[in-house]
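Analysis of the macromolecular model
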Amino acid sequence: MGGWAREGYGGTGPGAITPDGCAVEVYTRLPVGDEPDVVASAVPAGARLLELGCGAGRVTHPLLERGFTVTAVDESPEMLERVRGARTVRSSIETLELDERFDAVLLSSFLVHAGDPRVRDALLRTCRRHVADDGCVLIQREGEDWHDRVPRERRAGDALIRIASADPTDDPEVTSFRTEYVFPDGTWTQTFLSRRLGKERFERALADAGLVVDTYLTADRTWVRALPLR
Ligand SMILES: C[S@@+](CC[C@H](N)C(=O)[O-])C[C@H]1O[C@@H](n2cnc3c(N)ncnc32)[C@H](O)[C@@H]1O
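Once a new chain begins, its residue numbering starts again from 1 and follows that chain's sequence as written. Thresholds applied to this predicted model are a pLDDT of at least 70 for local features of residues and 80 or more for the giving and counting of side-chain atom pairs; totals over whole chains, interfaces and linings are not thresholded and use all residues. Computation of side-chain values covers all heavy atoms of the structure but excludes hydrogens and water.

**What about the domain arrangement of the chain?**
When the domains of the chain are assigned, the result is domain 1 (1–22 + 145–196) and domain 2 (31–142 + 198–228). An automatic or database domain assignment supplies the start and end points of every domain. Using only C-alpha atoms to locate each centre, domain 1 and domain 2 end up separated by 21 Å. Between two residues, a contact is recorded if the distance between any of their heavy atoms is within 4.5 Å. The interface is formed by 18 residues belonging to domain 1 together with 18 residues belonging to domain 2. Roughly 1300 Å² is buried in total at the junction of domain 1 and domain 2, and carbon and sulfur atoms are behind 54% of that figure. The buried area of a pairing is the accessible area, by a 1.4 Å probe, that goes missing from both parts when the two are put together, added over both. Looking only at domain 1, the three residues that lose the most surface to domain 2 are Arg6, Trp146 and Arg195, adding up to 42% of its buried area. In the sections that follow, a salt bridge refers to a side-chain nitrogen of Lys or Arg positioned within 4 Å of a carboxyl oxygen of Asp or Glu. Taken together, domain 1 and domain 2 are joined by 3 salt bridges. Taking the shortest distance from any N to any O, the salt bridge between Arg201 and Glu173 comes out at 3.0 Å. Polar contacts, as used here, are pairs of N or O atoms within 3.5 Å; protein pairs need one atom able to donate a hydrogen and one able to accept it. Residues neighboring in sequence count only if both atoms are side-chain atoms. Our enumeration of links across domain 1 and domain 2 arrives at 8 residue pairs in polar contact (both at pLDDT 80 or more). Numbered from the N terminus, helices here are DSSP runs of H or I no shorter than four residues, and strands are runs of E no shorter than two. In terms of residue count, the dominant contributor to the side of domain 1 that touches domain 2 is strand E10 (residues 186–195) (3 residues).

Okay, structure coming up:
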């Protein structure tokens, strides 16, 4: 199932698959991790949030429960159908043009590692366009050794998530990853591209989009709070 796919991205398994290869069923089932805690530690109580790439609301729903107002954006209508209690907007992040600014913009799920740097830069510009002057942008990056530590696996609820392979592409900075999501009653896969983005290059990409790192929120530097440059 599913319509168009982003080049280099794809997925297999029952049900709808998003253009970047995510299975709607997988993201409906996966439990939330520490994302809401990280967000709550970094933004004021009751903040108006813009969540980019919200999926099925795995993180959206706990954020709503904590009293945040969330506008949830995704290009997949099948994902958005699963989101409850938030205003939803179906759009690619790159082209999003809301007539509104937010206390915080969330770009999680490692979307900043887009294989195509033009996509990455467009995602960051969308963050900049939609953040209030006194607001912030929260970005989730990959861990330092993630491209090199393959295969690896972890448990999430009743799923086993296995980063099964990492294959080189024509671009030495871009890896093609294949992830398996093994549930007791079925298996899904996602293939996606990830561009290495060390601290220096990451901060340069932010600056190009008019953003500057305020603080790395977690010891592993995966979560970042950035501020709009004036
Ligand atoms: C890996 S899933 C994560 C979903 C959610 N953030 C979570 O953590 O459960 C990525 C989601 O982002 C959406 N997405 C990825 N790239 C996008 C883009 N450029 N524009 C709009 N949606 C995008 C996909 O459709 C998918 O629902």
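**A short note on the sheet that holds strand E6 (residues 131–140)**
If you walk across this open sheet you meet the 7 strands as E4-E3-E2-E5-E6-E12-E11, and the pairing is mixed. Edge positions in the sheet fall to strand E4 (87–90) and strand E11 (211–216), since each of these pairs with one other strand and no more. The sheet shows a mean angle of 25 degrees between the axes of neighbouring strands, taken without regard to direction. Two strands pair when backbone bridges link them, and strand E2 (residues 48–52) and strand E3 (residues 69–74) are joined in this way by 5 bridges, in the parallel orientation. Within E3, the residue paired with Leu52 across the bridge is Val73. Pairing between strands is defined by DSSP: at least two bridges between the two strands are required. For helices, the axis comes from a line fit to the C-alpha atoms of the stretch in contact; other axes are also lines fit to C-alpha atoms, and the angle between any two N-to-C directions lies between 0 and 180 degrees.

**Thoughts on helix H5 (residues 117–130)**
Multiplying one less than the number of residues by 1.5 Å gives the expected span of a helix. For H5, spanning 14 residues, the distance from its first C-alpha to its last is 20 Å, which sits close to the expected 20 Å at 1.5 Å a residue. Throughout this description, buried means an accessible area under 20% of the type-specific maximum (1.4 Å probe, protein chains only), exposed means over 50%, and partly exposed covers the range between. Turning to H5, its buried residues number three or more, namely Arg120, Ala122, Leu123, Leu124, Thr126, Cys127 and His130. Buried residues belonging to H5 abut E2, strand E5 (102–107), E6, E10, helix H6 (199–208) and E11. If you check the start of H5, you find a side-chain oxygen 2.8 Å away from the backbone N of Arg118, and it comes from Asp116.

**A word on the site of the ligand**
Being near a molecule or strand, for a residue, comes down to having at least one heavy atom within 4 Å of it. Taken together, 21 residues form the shell around the ligand, and within it Arg6, Gly53, Arg58, Asp74 and Glu94 come nearest. Contacts to the ligand include Gly53, whose backbone N or O atom sits 2.7 Å from a nitrogen atom. A distance of 2.9 Å separates a nitrogen atom of the ligand from a polar side-chain atom of Ser109. Only the protein chains shown count as cover for residues, and the accessible areas themselves come from Shrake-Rupley with a 1.4 Å probe. Contact with the protein chains removes 96% of the 590 Å² of surface that the ligand exposes when unbound. Charged means Asp, Glu, Lys or Arg here, nonpolar means Ala, Val, Leu, Ile, Met, Phe, Trp, Tyr, Cys or Pro, and polar covers whatever is left, Gly included. Class assignment for the residues of the shell around the ligand results in 7 nonpolar, 8 polar and 6 charged. For the shell around the ligand, the two domains that each supply at least three residues are domain 1 (1–22 + 145–196) and domain 2 (31–142 + 198–228).

**Structural notes on the packing of aromatic side chains**
Any pair of aromatic rings gets described here by the distance separating the centres and the angle formed by the planes. The aromatic pairing rule takes the rings of Phe, Tyr and Trp, using the six-membered ring of Trp, and pairs them if the centres are within 6.5 Å, calling planes under 30 degrees apart stacked, those over 60 edge-to-face and the rest tilted. In the structure shown here, the tally under the stated rule is 4 aromatic pairs. With a centroid separation of 5.6 Å and 20 degrees between ring planes, the pair formed by Phe177 and Phe192 is classed as stacked. Placement of the pair is Phe177 in strand E9 (residues 174–183) and Phe192 in strand E10, with a sequence separation of 15 residues. Taking relative accessible area as the criterion, Phe177 reaches 4% and is therefore assigned buried. Note on Phe192: relative accessible area 18%, which makes it buried. A ring has a charge above it when a Lys NZ or an Arg CZ is no more than 6 Å from the ring centre and no more than 35 degrees off the ring normal. Directly above the aromatic system of Phe183 lies the positively charged group of Arg29, at a separation of 4.9 Å from the ring centroid. When the ring centre of Phe202 is taken as origin, the NZ or CZ atom of Arg141, which lies over that ring, is 4.8 Å away.

**A look at the pattern of salt bridges**
Using the criterion set out here, one finds 22 salt bridges in the structure. The closest approach of N and O atoms between Asp116 and Arg118, which form a salt bridge, is 2.8 Å. Judged by its relative accessible area of 65%, Arg118 falls in the exposed class. The residue Glu153 makes a salt bridge to Arg162 at a minimum N-O spacing of 3.1 Å.

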